[in-house]
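Overview (structure and organization)
Read off the chains here:
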Amino acid sequence: MRWLGEGLKYNTSLTSLDISDNQIRDEGMKWMGETLKYNTSLTSLDISDNQIRDEGMKWMGETLKCNTSLTSLQIRYTGIKKEGMGWLGEGLKYNTSLTSLDISENQIGEEGMKWMGETLKCNTSLTSLQISENRIKQEGMRWLGEGLKYFPSNKI
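Report follows, based on the coordinates. In this text, all values refer to a predicted model and were calculated from it rather than measured experimentally.

With that settled, the discussion passes to the overall build of the protein chain. Along the protein chain, the regular secondary structure elements total 6 helices and 5 strands. In the protein chain, the succession of α and β elements from N to C terminus is α-β-α-β-α-β-α-β-α-β-α. Its C-alpha radius of gyration of 14 Å places the protein chain within 12% of the 15 Å reference for a compact globule of 156 residues. With the principal axes as the frame, the protein chain shows a C-alpha extent of 45 × 30 × 20 Å. For the protein chain, with 156 residues in total, the buried portion stands at 46%. Long-range contacts, defined here as pairs at least 24 residues apart, represent 87% of the contacts in the protein chain between residues at least 6 apart. As displayed, the protein chain offers around 7,700 Å² of accessible surface, 47% of which is attributable to carbon and sulfur atoms. The distance from the centre of the 19 positive side-chain charges to the centre of the 21 negative ones in the protein chain is 4 Å.

So, in structure tokens, the structure goes:
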């Protein structure tokens, strides 16, 4: 990931990157996160079906705070739990470019949806959110609903 990250840091033409199902781990997300702080051309990133867990989402959350080009992010089936959703949600509170987020098939659960609800109260850009197969029950849907009530654009 380090070499890919170095290349992307200076690339100005690539707009879409699918690196799903490549055994990328949390350390790889550190490199990708650092890269995306500088890259201004990439609009779509798919990191699904890798071994990125909560620690990796810490790096992605930090990246989302300052990245202004990503509009679509897919993080399906990586094993994210509530802690990872907290990190990701914190970054999404400040992000103004991401319009589509797919976090399906993870293990976010009730507490993770609490973070997503809080995120939606602040985020103004999301228009599409996929959260299927995340062990979300009634309490999690309540948190999501609370966030949607205050969601500034009400586009989801």
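The next thing to look at is the pattern of salt bridges. Counted under the stated rule, the structure contains 9 salt bridges. One salt bridge connects Glu-34 with Lys-37, and the closest N-O pair in it is separated by 3.2 Å. On the basis of relative accessibility, which here comes to 32%, the residue Lys-37 falls in the partly exposed class. Here the salt bridges share partners, and the residues they tie into one network are Arg-76, Asp-102 and Glu-105.

Taking 1.5 Å per residue as the helical rise, helix α5 (residues 109–120) with its 12 residues ought to reach 16 Å, and the 17 Å between its terminal C-alpha atoms agrees with that figure. Along α5, the residues that are buried comprise Gly-109, Gly-112, Met-113, Met-116, Gly-117, Thr-119 and Leu-120. The arc enclosing the buried residues of α5, seen along the axis, measures out at 155 degrees, which places them on a common side. Where α5 is buried, its residues meet α4 (82–94), β4 (100–102), β5 (128–130) and α6 (138–150).

The backbone of Asp-21 sits at a positive phi, close to 55 degrees, despite the residue not being glycine. Tracing the backbone shows Asp-21 in the loop between β1 (16–18) and α2 (26–36). Look at Tyr-77: it is not a glycine, yet its phi comes out positive at around 50 degrees. Within the secondary structure, Tyr-77 is located in the loop between β3 (72–74) and α4.

The strand order across the open sheet built from 5 strands is β1-β2-β3-β4-β5, with neighbouring strands paired in parallel fashion. Looking at strand neighbours, the two that pair on one side only are β1 and β5, the edges of this open sheet. Going from strand to strand, the sheet's axes swing by 0 degrees on average, the running direction of each strand aside. In terms of strand pairing, strand β2 (residues 44–46) meets β3 through 3 bridges, oriented parallel. Counted as the bridge partner of Asp-46 is Gln-74 from β3.

Attention now moves to the nonpolar core. Among the nonpolar cores identified, the biggest contains 33 residues, and Leu-45, Met-60, Leu-101 and Met-116 are the most heavily contacted of them. Residue assignment for this core shows that the elements contributing at least two residues are α2, α3 (54–66), α4 and α5. Beyond its immediate chain neighbours, meaning those up to four positions away, Leu-101 contacts Leu-73, Ile-75, Leu-92, Met-116, Leu-126, Ser-128, Leu-129 and Gln-130.

What counts and what doesn't
- Residues numbered from 1 in each chain as written.
- Predicted model: local features only at pLDDT ≥ 70, side-chain atom pairs only at ≥ 80, totals over all residues.
- Heavy atoms only, no water.
- Helix = DSSP H or I, 4+ residues; strand = E, 2+ residues; numbered from the N terminus.
- Rg over C-alpha atoms; globule rule 2.2 N^0.38 Å.
- Buried < 20%, exposed > 50% of the residue type's maximum accessible area, 1.4 Å probe, protein only.
- Contact = heavy atoms within 4.5 Å.
- Areas by Shrake-Rupley, 256 points an atom, 1.4 Å probe, with all protein chains shown as cover.
- Lys, Arg positive; Asp, Glu negative; His and termini not counted.
- Charge placed at Lys NZ, Arg CZ, Asp CG, Glu CD.
- Salt bridge = Lys/Arg side-chain N within 4 Å of Asp/Glu carboxyl O.
- Expected span 1.5 Å × (residues − 1).
- Arc of directions from axis to C-beta.
- Pairing = 2+ DSSP bridges.
- Axes fitted to C-alpha atoms, helices over the stretch in contact; angles between N-to-C directions.
- Core = buried A, V, L, I, M, F, W, Y, C linked by side-chain atoms within 4.5 Å.

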